[in-house]
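Commentary on secondary and tertiary structure
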Amino acid sequence: MAVRGHPADKVTRGCAQRKLLPLAQWCGLMRWQRPRNREGLAVRVLVVEDQTRLAEAIRRGLVAEGFAVDVAVDGEQGLALAQSVPYDAVVLDILLPALNGFEVCRS
């Protein structure tokens, strides 16, 4: 008598034994891959946020997903980084000290 449910279930010596498969194989999915840009490098993201706890939470989440992340704490620092490093994406707060998000975007 076979136990139903998991495709790796087998009956051995009268008792059901389950071999666990990796989740990707069980779901029929490809392995998770890190986000890459057109050059094949990790996607670089600039986070411009003056609230340090929020900026750190956003950074941790993006890094966990495989992004390369830099954080700026004000508009001037964000603008300087954006002009010196080629970023694939920018997460920009609007209400920033020094230069606000609109001024950074216009520059």
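The coordinates are above.
Attention in this report is confined to the structure presented alongside it. What you see as residue numbers is a count from 1 along each chain, following the sequence as written. Only residues with pLDDT of at least 70 are given local features in this predicted model, and only at 80 or more are side-chain atom pairs given and counted; all residues enter the totals for whole chains, interfaces and linings. For side-chain calculations, the full set of non-hydrogen atoms in the structure is used, while hydrogens and water are omitted.

**Examining the sheet that holds strand S4 (residues 68–72)**
Here is the rule: Any two strands with at least two DSSP bridges between them are considered paired. A helix here means a DSSP run of H or I that spans at least four residues, while a strand means a run of E at least two residues long, and both kinds are numbered starting from the N terminus. To get an axis, a line is fitted to the C-alpha atoms, and for a helix only the part in contact is used. The angle between two axes follows their N-to-C directions and goes from 0 to 180 degrees. Only heavy atoms enter the contact rule, under which two residues are in contact if any of them lie within 4.5 Å.
The 3 strands lie next to each other as S4-S3-S5, forming an open sheet whose pairing is parallel. Every other strand in the sheet has two partners, leaving S4 and strand S5 (89–92) as the edge strands with one partner each. Direction aside, the axes of adjacent strands within the sheet are offset by 20 degrees on average. Looking at chain direction, strand S3 (residues 44–48) and S4 are connected through 5 bridges and run parallel. From the neighbouring strand, valine 45 faces S4, where its bridge partner is valine 69. Helix-sheet contacts for helix H2 (residues 52–64) involve S3 and S4, and the interaxial angle to S4 is about 170 degrees. Set on the sheet, helix H3 (residues 75–84) makes contact with S3 and S4; between it and S4 the angle comes to about 145 degrees.

**What about unusual backbone geometry?**
Which entries qualify depends on this criterion: Buried means the residue's accessible area, taken with a 1.4 Å probe over protein chains only, is under 20% of the maximum for its type, while exposed means over 50%, and partly exposed covers the values in between.
Positive phi outside glycine occurs at alanine 98, with the angle close to 65 degrees. With respect to the helices, strands and loops of the structure, alanine 98 is situated in the loop between S5 and helix H4 (101–106). With relative accessibility at 56%, the residue alanine 98 sits in the exposed group.

**Some words on H3**
To be explicit about the condition: Relevant arc is that of directions from the helix axis to the C-beta atoms, nothing else. Under the rule applied, a polar contact is a pair of N or O atoms within 3.5 Å (in protein, one hydrogen donor and one hydrogen acceptor; residues adjacent in sequence only if both atoms are side-chain atoms).
When H3 is considered as a whole, its buried residues turn out to be Gly75, Gly78 and Leu79. Down the axis of H3, the buried set is contained in an arc of 100 degrees. They therefore lie on one face. Along H3, exposed side chains directed more than 90 degrees from the buried face belong to Glu76 and Ser84. Buried-residue contacts for H3 involve S3, S4 and H4. Capping of H3 at its N-terminal end is provided by aspartate 74; its side-chain oxygen lies 3.3 Å from the backbone amide nitrogen of glutamate 76.

All quantities given are derived from atomic positions and should not be read as evidence of function.
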